Amino acid sequence: MKPILTGYFDAQHTFTFDELIAFIDQFQLDQICLRSYNKKPLIEVNESDIKQILLSLKATKHKIAIIDSGIKPFNIHSQSQFDLAFDEFKFMVKLAEKIKVNHIMLKLPVFTDVIQEFEQIQKLFGMFVDVAMRSNKKIILEPSNDYKANTYAYIFKKIKSNHLGILFDPVYFMMHNESTTIAYRLLKGYIFAFAAHDA
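Cut-offs applied
- Residues numbered from 1 in each chain as written.
- Predicted model: local features only at pLDDT ≥ 70, side-chain atom pairs only at ≥ 80, totals over all residues.
- Heavy atoms only, no water.
- Helix = DSSP H or I, 4+ residues; strand = E, 2+ residues; numbered from the N terminus.
- Rg over C-alpha atoms; globule rule 2.2 N^0.38 Å.
- Buried < 20%, exposed > 50% of the residue type's maximum accessible area, 1.4 Å probe, protein only.
- Contact = heavy atoms within 4.5 Å.
- Areas by Shrake-Rupley, 256 points an atom, 1.4 Å probe, with all protein chains shown as cover.
- Lys, Arg positive; Asp, Glu negative; His and termini not counted.
- Charge placed at Lys NZ, Arg CZ, Asp CG, Glu CD.
- 1 Å grid on protein atoms, 1.4 Å probe; cavity = no way out; pocket = protein on both sides within 12 Å on 5 of 7 lines; lining within 4 Å.
- Points joined across faces, edges and corners; volume = space filled by probe spheres on them.
- Pairing = 2+ DSSP bridges.
- Axes fitted to C-alpha atoms, helices over the stretch in contact; angles between N-to-C directions.
- Salt bridge = Lys/Arg side-chain N within 4 Å of Asp/Glu carboxyl O.
- Nonpolar A, V, L, I, M, F, W, Y, C, P; charged D, E, K, R; others polar.

Participant: For this particular structure, what's the right way to read the overall build of the protein?
Facilitator: Counting its secondary structure elements, the protein contains seven helices and eight strands. The C-alpha atoms of the protein give a radius of gyration of 17 Å, which matches the 16 Å a tight globule of 199 residues would have. With the C-alpha coordinates of the protein rotated into their principal frame, the extents come out at 50 × 40 × 30 Å. Considering the protein as a whole, with its 199 residues, one finds that 45% of them fall into the buried category. Considering only intrachain contacts with a sequence separation of at least 6, the fraction spanning at least 24 residues in the protein is 72%. Taken as a whole, the protein presents about 11,400 Å² of accessible surface, with 52% of it coming from carbon and sulfur. The centroid of the 24 positive side-chain charges in the protein is displaced by 7 Å from the centroid of its 22 negative side-chain charges.

Participant: Got a minute to help me understand empty space enclosed by the protein in this structure?
Facilitator: In this approach, a probe sized like a water molecule rolls over the atoms, and the result shows the empty space that is left. For the coordinates displayed, the defined rule picks out two cavities of 30 Å³ or more. If you go around the largest cavity, you meet 13 residues; those closest to its centre are Asp10, Phe15, Leu20, Leu34 and Ser36. Lining the second largest cavity are Ile71, Lys72, Pro73, Phe74, Ala85, Leu106, Lys107, Phe125 and Phe128.

Participant: I keep staring at the sheet that holds strand E1 (residues 31–34) and nothing clicks. Help me out?
Facilitator: Two strands in a sheet stick together by hydrogen bonds in their backbones, pointing the same way (parallel) or opposite ways (antiparallel). Taken together, six strands build an open sheet; the order of strands is E1-E4-E5-E6-E7-E8 and the sheet is parallel. Taken across any chain shown, the strands that pair with only one partner, and hence form the sheet edges, are E1 and strand E8 (191–194). Mean inter-strand twist for the sheet, computed between neighbouring axes without regard to direction, equals 30°. Packing against the sheet, helix H3 (residues 79–98) makes contact with strand E4 (63–68), strand E5 (103–106) and strand E6 (138–141), and its axis sits at approximately 155° to E5. Helix-sheet contacts for helix H5 (residues 149–159) involve E6 and strand E7 (164–168), and the interaxial angle to E7 is about 160°.

Participant: I tried to follow the pattern of salt bridges on my own but got confused; where do I start?
Facilitator: Two side chains with opposite charge may pair up if their charged atoms get near one another. Under the criterion given, the structure shown has four salt bridges. Its salt-bridge partner being Asp10, residue Arg35 comes within 2.8 Å of it at the nearest N-O pair. Of this pair, Arg35 sits in the loop between E1 and strand E2 (36–37) while Asp10 sits in the segment before helix H1 (17–25); the two residues are 25 residues apart in sequence, bridging distant segments of the chain. Asp10 sits in the buried class, given a relative accessible area of 4%.

Participant: What is the right way to look at the environment of Lys157 in this model?
Facilitator: With respect to the secondary-structure elements, Lys157 resides in helix H5. The spatial distance from the C-alpha of Lys157 to the C-alpha of Tyr190 is 9.5 Å, given a sequence separation of 33 residues.

Participant: Which parts of the structure should I look at to understand the layout of surface pockets?
Facilitator: By volume, the largest pocket is sized at about 1,500 Å³. Counting residues per element, the ones that place at least two in the lining of the largest pocket are E1, helix H2 (47–60), E4, E5, E6 and E8. When grouped by side-chain class, the residues that make up the lining of the largest pocket number 28 nonpolar, eight polar and 11 charged.

Spelled out as structure tokens, the structure:
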């Protein structure tokens, strides 16, 4: 599969969708990552917005490679936080279907010990993976919450799903005092995307 060079390019949510398209055209990119639409979070888009997104993509011959769900990580011991996050994720999966996107960015829920709490993690987060799998979507985990590479590797080995992978961000692991080489070795079988940072 040919690698895709893409990014958000939305000037920290300050661009409209048309401005975003015009910006990436300067660099001859044909795919974008989307985390907002006309300066509002994707969770707030309506049917009219979706129709306009599709019309703009068709007219400009662009595609959306990834949508960032923007879902706040829920605490695995809070039912209300889980319910909200799960409802938002189901909305994001439906949105992805409508705008023809296969990859959805998401962060792991909040927990303290991945081994001791894995049963609860699998029970709740596994529901997200199941929803993605049933819709033939893939979840890309964005490293967050100070979780180490071995935490992600443990979850991938336990859940065992082709619909769950990671955004490999070498700077994230370096900033958490990990060897990027070791992190890569642990996660290389689960990488869906690579992150690059401006120096």
